[in-house]
Amino acid sequence: MIFPKLLAAAALFAAAATTATAHHGWSWAEADQIELTGTIRSISFAPPHPTLEVEAEDGLWRVELGNPNQTQRSGFVEGEAEVGDTIRALGNRSMEPDEKRMKAVRITVGDKTYDIYPDRIQSN
């Protein structure tokens, strides 16, 4: 009687872990990095990822940063950027061609640069 319950709990845990990895991982993003420049339209520091909505020449992009602690360690905290600021983001674009979404590894606001994922920054 205990074994089926244990097996069900293990399956549920494995499913939850897979979902979390898929959401928080990089599997949805292209390997090559792009640079995106635009104007910040909204900023959210809420979990699971701080995000920016950025108006670029080709439309509105969702720019995801690291988890809140990681983003804070980069120095990018509330007040470092405001709606209307110009931003340059370096990161990995979604593999979905119609989706304007990227995971940023570095962002630059004004003359200040924030390395969100320093070990993932690709140099040319």
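Above this note sits the structure.
These lines cover the structure that appears in this document, whether it is placed above or below. (Residues numbered from 1 in each chain as written. Predicted model: local features only at pLDDT ≥ 70, side-chain atom pairs only at ≥ 80, totals over all residues. Heavy atoms only, no water.)

### Overview of the overall build of the protein
What counts is decided by this rule: Strands here mean DSSP runs of E at least two residues long; helices mean DSSP runs of H or I at least four residues long; both are numbered from the N terminus. For the exposure calls, accessible area comes from a 1.4 Å probe over protein chains only, and a residue counts as buried if that area is under 20% of its type's maximum, exposed if over 50%, partly exposed in between. Only heavy atoms enter the contact rule, under which two residues are in contact if any of them lie within 4.5 Å.
In terms of helices and strands, the protein carries two helices and six strands. Buried positions account for 35% of the 124 residues belonging to the protein. In the protein, once contacts between residues fewer than 6 apart in sequence are set aside, the share between residues at least 24 apart is 57%.

### Focus on the packing of aromatic side chains
Aromatic rings considered in pairs are described by the distance between their centres and by the relative angle of their planes. Just so we agree on the cut-off: We call Phe, Tyr and Trp rings a pair once their centres come within 6.5 Å, taking the six-membered ring for Trp, and we label the pair stacked below 30 degrees between planes, edge-to-face above 60, and tilted otherwise. A ring is considered to have a charge above it if a Lys NZ or an Arg CZ atom is located within 6 Å of its centre and within 35 degrees of its normal.
Applying the stated rule across the entire model yields three aromatic pairs. Taking 5.0 Å as the distance between ring centres and 75° as the angle between the ring planes, the aromatic pair formed by W26 and Y117 counts as edge-to-face. On the criterion of sequence distance, the pair formed by W26 in the loop between α1 (2-24) and β1 (29-44) and Y117 in the segment after β6 (112-115) is long-range, its members being 91 residues apart. Both residues of the pair, W26 and Y117, belong to the buried class. These aromatic residues form a ring-pair network of at least three members: F45, F76 and Y114. Positioned above the aromatic ring of W28, the side-chain terminus of R101 is 3.6 Å from the ring centre. Directly above the ring of W26 sits K103, whose terminal nitrogen or CZ lies 5.5 Å from the centroid.

### Thoughts on the environment of Y117
Spelled out, the test is: The term polar contact refers here to a pair of N or O atoms within 3.5 Å; inside protein, the definition further demands a hydrogen-donor-capable atom paired with an acceptor-capable atom, and it admits residues adjacent in sequence only when both atoms are side-chain atoms.
Looking at Y117, the relative accessible area reads 10%, which means it is buried. Apart from residues no more than four positions distant in its own chain, Y117 is found in contact with W26, L65, G66, N67, Q70, K103, A104 and V105. Polar side-chain contacts of Y117 include one of 3.5 Å to the side chain of K103.

### Looking at the pattern of salt bridges
Close approach of charged atoms lets side chains of opposite charge pair. The test is simple: Throughout this description, the term salt bridge denotes a Lys or Arg side-chain nitrogen within 4 Å of a carboxyl oxygen of Asp or Glu.
Counted by the stated rule, this structure contains seven salt bridges. In this structure, R62 and E53 form a salt bridge, with 3.7 Å as the shortest nitrogen-oxygen distance. Residue classification places R62 among the partly exposed positions, given a relative accessible area of 34%. Its salt-bridge partner being R101, residue E64 comes within 3.0 Å of it at the nearest N-O pair. Here E64, found in strand β3 (residues 59-64), pairs with R101, found in strand β5 (residues 101-109); they are 37 residues apart in sequence, far enough to count as distant. Here the two residues E64 and R101 agree in accessibility, since each one is buried. Here the salt bridges do not stand alone but share partners, grouping E53, R62, E64, E99 and R101 into one network.

### Some thoughts on the pairing of β3
So the rule is basically this: Two strands are counted as paired when DSSP detects at least two bridges linking them.
In terms of strand pairing, strand β2 (residues 51-56) meets β3 through six bridges, oriented antiparallel. Bridged to A56 within β3 is G59. Following β2, the chain reverses through two residues before pairing antiparallel with β3. Pairing analysis gives three bridges linking β3 to β5, with the strands arranged parallel. Paired with V63 across the bridge in β5 is M102.

Remember, this is a structural readout, not a statement about activity or role.
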